[in-house]
Amino acid sequence: MQEAELTERFTGRIGLVTGAASGIGRDAALAMAAEGARLVLMDRDATALEATAAACPGAVALEGDVSAAADMDRAAAALDAMGPPSLLVTAAGMLGPTRPLAEVTEEEWDRLFAVNVKGTWLALRALLPRMARAGGGAVVTIASGSGLIGNAVFPAYSASKGAVVLMTRSVATSHAAEGIRANTVCPGQIETPMLRGVFQQLGDRAAGVEAMFRARNPSGRFGEVAEVTQAVLFLLSDAASYINGVALPIDGGRLA
Ligand SMILES: NC(=O)c1ccc[n+]([C@@H]2O[C@H](COP(=O)([O-])OP(=O)(O)OC[C@H]3O[C@@H](n4cnc5c(N)ncnc54)[C@H](O)[C@@H]3O)[C@@H](O)[C@H]2O)c1
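A few points on the structure. These numbers were taken from a predicted model, which means no experiment stands behind them.

## What about the site of the ligand?
Now for step 1: Around the ligand, the structure places 27 residues, and the nearest of them are Ser22, Ile24, Asp43, Tyr157 and Thr192.
Now for step 2: Separating an oxygen atom of the ligand from a backbone N or O atom of isoleucine 24 is a distance of 2.7 Å.
Now for step 3: Contact with the protein chains removes 94% of the 820 Å² of surface that the ligand exposes when unbound.
Now for step 4: Elements supplying a minimum of two residues to the shell around the ligand: α2 (23-34), α5 (106-134), α6 (155-175) and α7 (193-202).
Now for step 5: Of the residues assigned to the shell around the ligand, the class counts are 13 nonpolar, nine polar and five charged.

## Side note on the pairing of strand β4 (residues 87-90)
Now for step 1: Covered by surrounding structure in β4 are Leu87 and Val89 together with Leu88 and Thr90, the residues of both alternating faces.
Now for step 2: Here strand β1 (residues 14-18) runs beside β4; their pairing, made up of four bridges, is parallel. Its bridge partner lying in β4, leucine 16 is registered against leucine 88.
Now for step 3: Examined bridge by bridge, β4 and strand β5 (residues 137-142) share four bridges and lie parallel to one another. Paired with threonine 90 across the two strands is threonine 141, which belongs to β5.
Now for step 4: The parallel pair β4 and β5, bridged by α5, forms a crossover whose chirality is right-handed.

## Considerations on the sheet that holds β1
Now for step 1: Reading across the sheet, the seven strands line up as β3-β2-β1-β4-β5-β6-β7 and stay open at both edges, with parallel pairing between neighbours. One side of each edge strand has no neighbouring strand; the edge strands of this open sheet are β3 (60-63) and β7 (247-250). Averaged over all neighbouring strand pairs, the angle between strand axes comes to 15 degrees, with direction disregarded.
Now for step 2: Here strand β6 (residues 180-187) runs beside β7; their pairing, made up of four bridges, is parallel. Directly across from valine 185, in β7, lies its bridge partner leucine 248.
Now for step 3: Together, β2 (38-43) and β3 form the strand contacts of helix α3 (residues 46-54), whose direction differs from that of β3 by roughly 170 degrees.
Now for step 4: Relative to the sheet, helix α4 (residues 69-82) contacts β1, β2 and β3, its axis offset from that of β2 by approximately 165 degrees.

## Notes on the pattern of salt bridges
Now for step 1: For the structure on display, the rule yields 10 salt bridges.
Now for step 2: A salt bridge links arginine 111 to aspartate 65; the shortest N-O distance between them is 3.0 Å. Note that arginine 111 is positioned in helix α5 and aspartate 65 in the loop between β3 and α4, a separation of 46 residues in sequence.
Now for step 3: On the basis of relative accessible area, arginine 111 is assigned to the partly exposed category, the value being 31%.
Now for step 4: Glutamate 210 is paired through a salt bridge with arginine 196; the nearest N and O atoms lie 3.8 Å apart. With a gap of 14 residues between them, glutamate 210 in helix α8 (residues 206-215) and arginine 196 in helix α7 connect regions that are remote in the sequence.
Now for step 5: Given the relative accessible area of 18%, glutamate 210 is considered buried.
Now for step 6: Its relative accessible area of 38% is what places arginine 196 among the partly exposed residues.

## Things to note about the environment of proline 57
Now for step 1: Position of proline 57 among the secondary structure elements: in the loop between α3 and β3.
Now for step 2: What makes proline 57 exposed here is its relative accessible area of 57%.
Now for step 3: With 20 residues separating them in the primary sequence, proline 57 and alanine 37 have C-alpha atoms 8.5 Å apart.
Now for step 4: In this structure, proline 57 is in contact with Ala33, Ala37 and Arg38, ignoring residues within four places of it in sequence.

Cut-offs applied
- Residues numbered from 1 in each chain as written.
- Predicted model: local features only at pLDDT ≥ 70, side-chain atom pairs only at ≥ 80, totals over all residues.
- Heavy atoms only, no water.
- Near = heavy atom within 4 Å.
- Polar contact = N/O pair within 3.5 Å; in protein donor to acceptor, adjacent residues only side chain to side chain.
- Areas by Shrake-Rupley, 256 points an atom, 1.4 Å probe, with all protein chains shown as cover.
- Helix = DSSP H or I, 4+ residues; strand = E, 2+ residues; numbered from the N terminus.
- Nonpolar A, V, L, I, M, F, W, Y, C, P; charged D, E, K, R; others polar.
- Buried < 20%, exposed > 50% of the residue type's maximum accessible area, 1.4 Å probe, protein only.
- Pairing = 2+ DSSP bridges.
- Right-handed = clockwise from strand over helix to strand, strands pointing away.
- Axes fitted to C-alpha atoms, helices over the stretch in contact; angles between N-to-C directions.
- Contact = heavy atoms within 4.5 Å.
- Salt bridge = Lys/Arg side-chain N within 4 Å of Asp/Glu carboxyl O.

No statement about biological role is implied by the geometric values presented.
Here it is in structure tokens:
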């Protein structure tokens, strides 16, 4: 393959990245922009989002909550001002309560599903018709390994990510005829502020859970955001033209 093809996979392409202020979404946005994509970047953290946007040529930063339809409408309007979108990465997400399901409050459940599930759906609802009108596109949602197997430490999160996996696969089956591919990545433990937040939230359980996570992982380590980004960009790219509906673990072999 020519070097130009490797470094400029998204020249002329327009897209939306949610959760672009931090961690996986930020790194994906930076890498997509470095390869030519022009992006609308959405996050509720305006200050950090501006920093991402400043490093992404041509990007528009949009402070907003992915669970609010009105905010997603603003993202869609920003995309319409740029041109037809063909790329979507939904990385905005939250962990929610690290307690057994029976101890989760209604408010916690509703907020978790609003951000992780409804937020993903709202982004799809905004982008899919626009991609279809433009002749196609590629979607990568960020689910989790906890969306593929049950997680005893954060079971409500696990349920929400399971929904993201099957939402994405449903898109894959129902929009292929429009030239749209939809895949989801299922990271294991990746070194981001969210992962550090998990251990903070676990308090005196943190050391034991961290040791358990490491012991169960054949690689013996946690992943780096760049290791997720590489897979996200491949799935978005034309090199993945016949890959649709995959739920790809990126976890050092944890689910092997
Ligand atoms: N880090 C991991 O170990 C890991 C593992 C599996 C899956 N994931 C998933 O990857 C995605 C990114 O996580 P991360 O680790 O990069 O975390 P992160 O906390 O570094 O980044 C998440 C970003 O989403 C934003 N966000 C949260 N709620 C939002 C909302 N309602 N509206 C708009 N923006 C919102 C945050 O402000 C933040 O910038 C999440 O969906 C997470 O569930 C992370």
